[in-house]
Amino acid sequence: MLNYISKIFKLFFNKLLTLYILIRHYEMPQTCRYFIRYFYLGKIVQCKYFIHDFILKKPYKVICYNSEFAPELKFVVPFAYWHHLNGTLKQTYSSKQTKGLYFFSENHIEKYEERVWCDFNYDIEIPNSQDHSLKYDYSKWAQVPFKSHYKNNLFIFDKPIVVIANRYNSEWDGGPISYIDIPSLEYLIKVLSPNFTLIYNRPSSDLIVNDNSKVYNLNEKEVIRNKYYDKILFAEDLFNSSENKFDSFNQFQLMLYANCEKFISVHGGTAVLASYFGGKNIILSSKGIEHVCNEFETIFPKLSGAKIYVAKSCKQLLELVENVYLNE
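Remember, it's a predicted structure, so these values are computed and weren't measured experimentally. (Residues numbered from 1 in each chain as written. Predicted model: local features only at pLDDT ≥ 70, side-chain atom pairs only at ≥ 80, totals over all residues. Heavy atoms only, no water.)

Explanation requested: the pattern of salt bridges in the structure shown.
Between side chains of opposite charge, a pair can form as their charged atoms come close. The full count for this structure, using the stated rule, is 13 salt bridges. Where glutamate 72 meets arginine 115, a salt bridge forms, and the shortest distance between an N and an O atom there is 2.6 Å. A residue pair is termed long-range when its members are at least 10 positions apart, and glutamate 72 in helix 4 (residues 69-86) and arginine 115 in the loop between strand 3 (108-112) and helix 5 (146-150) qualify at 43 residues. Both residues of the pair, glutamate 72 and arginine 115, belong to the buried class. Measuring nitrogen to oxygen at the nearest pair gives 3.2 Å for the salt bridge that ties glutamate 261 to lysine 147. (Salt bridge = Lys/Arg side-chain N within 4 Å of Asp/Glu carboxyl O. Helix = DSSP H or I, 4+ residues; strand = E, 2+ residues; numbered from the N terminus. Buried < 20%, exposed > 50% of the residue type's maximum accessible area, 1.4 Å probe, protein only.)

Sorry, what's going on with the packing of aromatic side chains here?
How two aromatic rings sit relative to each other is given by the distance of their centres and the angle of their planes. Within the structure shown, the criterion is met by 29 aromatic pairs. Centroid distance phenylalanine 54 to tryptophan 82: 6.0 Å. Interplanar angle 65 degrees. Geometry classified as edge-to-face. You can see phenylalanine 54 sitting in helix 3 (residues 50-56) and its partner tryptophan 82 sitting in helix 4, a full 28 residues away along the chain. Looking at tryptophan 82, the relative accessible area reads 12%, which means it is buried. Ring pairing ties together the aromatic residues Tyr81, Tyr102, Phe103, Phe104, Phe146, Tyr150, Tyr257, Phe263, Tyr276 and Phe277, which thus form one cluster. The cationic tip of lysine 302 hangs over the ring face of tyrosine 138; the distance from NZ or CZ to the ring centre is 4.5 Å. (Phe/Tyr/Trp six-rings, centres within 6.5 Å; stacked < 30°, edge-to-face > 60°. Lys NZ or Arg CZ within 6 Å of the ring centre and 35° of its normal.)

Looking at this structure, I do not really get the side chain of serine 193. What am I missing?
Assignment of secondary structure puts serine 193 in the loop between helix 6 (182-192) and strand 5 (197-201). For serine 193, a relative accessible area of 8% translates into the label buried. Of the polar contacts made by the side chain of serine 193, one reaches the backbone oxygen of isoleucine 189; its length is 2.6 Å. (Polar contact = N/O pair within 3.5 Å; in protein donor to acceptor, adjacent residues only side chain to side chain.)

Quick question: what am I supposed to make of the side chain of histidine 83 here?
Structurally, histidine 83 is set in helix 4. Overall, the relative accessible area of 0% leaves histidine 83 in the buried class. Within the structure, the side chain of histidine 83 is placed 2.7 Å from the side chain of threonine 88, a separation counted as a polar contact.

Whenever I open this one, the nonpolar core confuses me. Can you help?
If you look at soluble globular proteins, the nonpolar side chains tend to sit buried side by side. Counting 55 residues, the largest nonpolar core has Phe146, Phe252, Tyr257 and Phe277 as the members making the most contacts within it. Elements represented by at least two residues in this core include exactly helix 4, helix 5, strand 4 (161-165), helix 8 (235-241), helix 9 (249-258), helix 10 (269-274) and helix 12 (299-302). Examining the composition of this core, we find that ten residues originate from one element, helix 4, more than from any other. The residues touching tyrosine 257, leaving out its near neighbours within four places in the chain, are Lys147, Val163, Ala165, Asn201, Phe263, Leu273, Ala274 and Phe277. One finds Leu198, Ala311, Leu317 and Tyr325 within the second-largest nonpolar core, a separate group that totals 26 residues. (Core = buried A, V, L, I, M, F, W, Y, C linked by side-chain atoms within 4.5 Å. Contact = heavy atoms within 4.5 Å.)

Looking at this structure, I do not really get unusual backbone geometry. What am I missing?
Keep in mind that most residues, glycine aside, have a negative phi and that most peptide bonds are trans. Phi is positive for lysine 57, close to 50 degrees, though the residue is something other than glycine. Tracing the sequence through the fold places lysine 57 in the loop between helix 3 and strand 1 (61-64). For asparagine 219, which is not glycine, the phi torsion reads 65 degrees and is therefore positive. Mapping asparagine 219 onto the fold places it in the loop between strand 5 and helix 7 (220-227).

I'm lost on the sheet that holds strand 6 (residues 232-234) in this one. Help?
Paired through their backbone hydrogen bonds, the strands of a sheet run either parallel or antiparallel. The strand order 6-5-4-7-8-9 describes an open sheet built from six strands, whose pairing is parallel. Sheet topology places strand 6 and strand 9 (307-311) at the edges, where each strand pairs with a single neighbour. With strand direction ignored, the average angle separating the axes of adjacent strands in the sheet is 20 degrees. Pairing analysis gives five bridges linking strand 8 (residues 280-284) to strand 9, with the strands arranged parallel. Looking at the pairing, isoleucine 282 lines up with tyrosine 309 of strand 9. The strands touched by helix 7 within the sheet are strand 5 and strand 6, with strand 6 carrying the most contacts at an inclination of about 135 degrees. (Pairing = 2+ DSSP bridges. Axes fitted to C-alpha atoms, helices over the stretch in contact; angles between N-to-C directions.)

What's the story with the sheet that holds strand 1 in this structure? I'm lost.
Strand order in the open sheet formed by three strands is 1-2-3, with parallel pairing between adjacent strands. Each of the sheet's edge strands pairs with one partner strand only, and the pair in question is strand 1 and strand 3. Taken over all neighbouring pairs, the strand axes of this sheet differ in orientation by 20 degrees on average, direction set aside. The pairing of strand 1 with strand 2 (residues 89-95) spans four bridges and is parallel. Residue isoleucine 63 lies in a different strand from strand 2, and its bridge partner there is threonine 92.

What is the right way to read helix 6 from this model?
Considered for burial, the residues of helix 6 that qualify are Ser184, Leu185, Glu186, Leu188, Ile189 and Leu192. As for helix 6, its buried residues are in contact with strand 4, strand 5, helix 7, strand 6, strand 7 (262-266) and helix 13 (314-326).

I would appreciate a short explanation of helix 7 in the present structure.
Working note: α-helix, 3.6 residues per turn, so residues spaced by three or four point in the same direction. Along helix 7, the residues classified as buried are Glu220, Lys221 and Ile224. Seen from one end, helix 7 has its buried residues packed into an arc of 100 degrees, which puts them on one side. Counted as exposed and oriented over 90 degrees from the buried face of helix 7: Glu222 and Asn226. Buried residues in helix 7 make contact with helix 6, strand 5, strand 6 and helix 8. (Arc of directions from axis to C-beta.)

Here is the structure:
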């Protein structure tokens, strides 16, 4: 009988919540309203932890995540760090190469070999982990100090660093959409190399933990190596030349990025990671729900206080680079 009543209550509550979102956010596309629904569900779920989080304050929270890289950086790691600061973090689980992301977790286990796309099956136990929303709950979210923690004397050069973080992956079950093409890369090398140490980062699939996206070959590395071998460095070369110094390629990226103040990145986890280290980040994002939800004005700068600039085409990207990095 109690089980039947509970089911009826949940059904009624879900209908009521759906109606509220439809009225409150009627102007938003249906997909956006779906994400907003998870935002409210996540806030409600956190109410049951009030005594643990604000009265008892003893280690109890176990956080487990194995989905996409971007939401892990935006919401899962800051959620875990909040619990660390609060004294309530007990253990964390994630994919391979994440020990560096959870440097503050005394009991972190790299459990998963691959990242699995959530396909709209979100863990409402982790606030905001639905990834996109018009609203975010920052009450259990803390800025993670990657830059100060990983600042080092290893990546020191004569000229300031500019990291060009590119990708060439499948997107939304199709081909690559947001990526820096070869002519644009050549232009960036020509105009930036006189004043900056350029480091190009587009890791091969064997260096990272793969998710649902397929990595394609842009064939840009051979062009760059042949024509601009003395003007730009490759992140994978730096990693391979000192591989014994790092637990993983992710830890290498954290240390490299910690010594950088200027980034050029592309849509997805690549852009999120580059937003974690202050300074400036020029992002190429041709399309995505991030634009609808204004994430480049909200969560992206909140990660570290970085100044975020967004281009929707390679042409706009090059214009921003000229205005932001060459004319400052």
